[in-house]
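# Structure at a glance
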Amino acid sequence: MEFQAFNLHPVIAASIKEAGYVTPTPIQKQAIPTVMLGRDVMGLAQTGTGKTAAFALPVLNRLMEGPRGRVRALVVAPTRELAEQIHESFITLGKQTKLKSITVYGGVNVNPQIQSLRSGVEIVVACPGRLLDHIGQGTIDLSHLEVLVLDEADQMFDMGFLPDIRRILGHIPAKRQTLLFSATMPPSINKLAHDILTDPVTVQVGNTAPPVTVSHALYPVEQHLKTALLLELLKHTDTDSVLIFTRTKHRAKRLGEQLEKAGYKAASLQGNLSQNRRQAALDGFRDGTYQILVATDIAARGIDVSQISHVVNYDIPDTPEAYVHRIGRTGRAAKSGDAFTMVCSEDSLMVRTIEKKLGAPLERRTVDGFDYTLPAPRKDAEFARPPREPRTSRKPADAKKSPGASINPFKTDHPGNKSAGRPQQGRPAVAGGAPKTVFNSSRRGK
Ligand code: AMP
């Protein structure tokens, strides 16, 4: 099936071609004809599936007919980065349509937004807070709205935006088409969908499974050796650009600095940065100025960097959904990518939860030649991740004698894991059979 089958307006079809899209992705195949029929849609799809074009194309198509110069489509997204990414998709796919799209989010001067709104736009891509400011100030007129898209609804819920969303709903016409996209379907989103969608068609891809093109591996390691192992991994890996996730802003900043010191072109993206610096880090990552970007989940949400070759979870995420979101940044659309996750002994429960969600054990790997037995230097204590639960104290001498025992006492329920809990001397124990001991960097050719 090709895009012609949708019978989109010729100027939109031309932009699709120019963007290099040949075949619609599964979510596009399902969603585009349904949205074109005017139906409400509940879309279950994660980043990387082509979901943005799945709603942007039929929305643009709809707006080709009808009045110009008034807000007729509103997309609400959780983060500024995602809003920018969606806006850029509208610009790319609507290049010849003469339809105008703007972004509306906080942290930047409000006046240009007001001016754009006054001059007349058809598409607004907004984050909830600033949008409510405009509604409160009367600087946006949503009375002609025809289509509402809520993107990454589960993330908006996680970030506490649902009350804002409900407030926004009170200011837009009840008679409208509503499209709700979410990677997961927690009860709160189910309820929201039930409240705001009329006779919706559910379109779904992947069932939160990560993109098939991603190959995942776990790297068991002690907390204090994570940076050293990361440097070793980077040294032996053929990477284009690497997105690294940390659990906190502080760790993102600190790791970014350490990587820079080690000679890498690295930047960190965390909530404390001004909008200008965030944008500079993102632009630098996109154009290759930075090879590595270190970020927290929230800061990295929605980043669309199609060249990402590797995602590294420096810290394991807190939920299996976050794992899928993170690694969805690589292996996007038709590309392949690698996802490395560093795991410590206290992560074993989360590892099992993720594996259960994925329905398969993750491969454990060790890096050949890396000294897993090095004790923790004192100064690293400051950067050590606070354990989630009290850990029994251990003398450094014990660590030297039997590092594996302390590194990774994974015991999984996977069949065939006869060696679990019996680590090899000098190597981390692994679940699911023997670890791959040679880190094969030649799997990805340039
Ligand atoms: P999304 O899931 O919307 O974040 O899109 C992921 C990436 O896939 C983006 O870089 C899009 O430009 C790209 N993409 C979307 N649809 C297609 C398609 N039909 N063919 C190739 N690439 C696509």
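Look up a bit, the structure's there.
Overview of the structure. The model shown is predicted, which means the values in this text are computed figures rather than measured ones.

About the thresholds
- Residues numbered from 1 in each chain as written.
- Predicted model: local features only at pLDDT ≥ 70, side-chain atom pairs only at ≥ 80, totals over all residues.
- Heavy atoms only, no water.
- Salt bridge = Lys/Arg side-chain N within 4 Å of Asp/Glu carboxyl O.
- Helix = DSSP H or I, 4+ residues; strand = E, 2+ residues; numbered from the N terminus.
- Buried < 20%, exposed > 50% of the residue type's maximum accessible area, 1.4 Å probe, protein only.
- Near = heavy atom within 4 Å.
- Polar contact = N/O pair within 3.5 Å; in protein donor to acceptor, adjacent residues only side chain to side chain.
- Areas by Shrake-Rupley, 256 points an atom, 1.4 Å probe, with all protein chains shown as cover.
- Nonpolar A, V, L, I, M, F, W, Y, C, P; charged D, E, K, R; others polar.
- Pairing = 2+ DSSP bridges.
- Right-handed = clockwise from strand over helix to strand, strands pointing away.
- Contact = heavy atoms within 4.5 Å.
- Core = buried A, V, L, I, M, F, W, Y, C linked by side-chain atoms within 4.5 Å.

If you walk through the whole model with that rule in mind, you get 18 salt bridges. The salt bridge partner of D133 is R130, with a shortest N-O separation of 4.0 Å. You can see D133 and its partner R130 sitting in helix α6 (residues 128-137), 3 residues apart, about one turn around the helix. Classification of R130 as buried rests on a relative accessible area of 13%. The closest approach of N and O atoms between R365 and E363, which form a salt bridge, is 2.9 Å.

Taken together, 16 residues are adjacent to the ligand, and Y21, Q28, G48, G50 and T52 come closest. Contact distances for the ligand include 3.3 Å between an oxygen atom and a side-chain N or O atom of Q85. Calculation on the ligand without its partners gives an accessible area of 500 Å², and the protein chains cover 83% of this total. Split by residue class, the shell around the ligand holds 4 nonpolar, 9 polar and 3 charged.

Where burial is concerned, the two faces of strand β4 (residues 123-126) agree: the one with I123 and V125 and the one with V124 and A126 are both buried. Judged from the 4 bridges that link them, strand β2 (residues 73-76) and β4 form a sheet pairing that is parallel. If you follow V76 over to β4, its bridge partner there is A126. Pairing geometry for strand β3 (residues 101-104) and β4, over 4 bridges, is parallel. Of the residues in β4, the one forming a bridge with V104 is A126. Tracing the backbone out of β3, into helix α5 (residues 111-119) and back to the parallel element β4 gives a crossover that is right-handed.

By the element assignment, Q177 lies in strand β6 (residues 177-182). A relative accessible area of 4% places Q177 in the buried class. Here V35 takes part through its backbone oxygen, which lies 3.0 Å from a polar atom of the side chain of Q177. Setting aside residues no more than four positions away along its own chain, Q177 makes contact with V35, G38, R39, D40, R62, E146, V147 and L148.

Right, let's get into helix α14 (residues 320-327). The buried fraction of α14 is high, at 7 of 8 residues. When α14 is considered as a whole, its buried residues turn out to be P320, A322, Y323, V324, H325, R326 and I327.

Here the focus is the nonpolar core. Membership of the largest hydrophobic core comes to 40 residues, with the highest contact counts inside it found for F55, F90 and L179. Of all elements in the fold, only α1 (10-19), α2 (26-36), α3 (51-63), β2, α4 (80-93), β4, β5 (147-150) and β6 reach the threshold of two or more residues within this core. A total of 8 residues in this core trace back to one element, the largest contributor, which is α3. The contacts of F90, once residues within four sequence positions are left out, are F55, A56, V59, L60, V75, K95, S101, I123 and V125. Ranked by size, the runner-up nonpolar core spans 33 residues in total, among them L74, L131, L142 and A153.

Time to look at the environment of S215. Its location among the elements puts S215 in strand β8 (residues 214-220). Placed 123 residues apart in sequence, S215 and D338 show a C-alpha to C-alpha distance of 4.9 Å.

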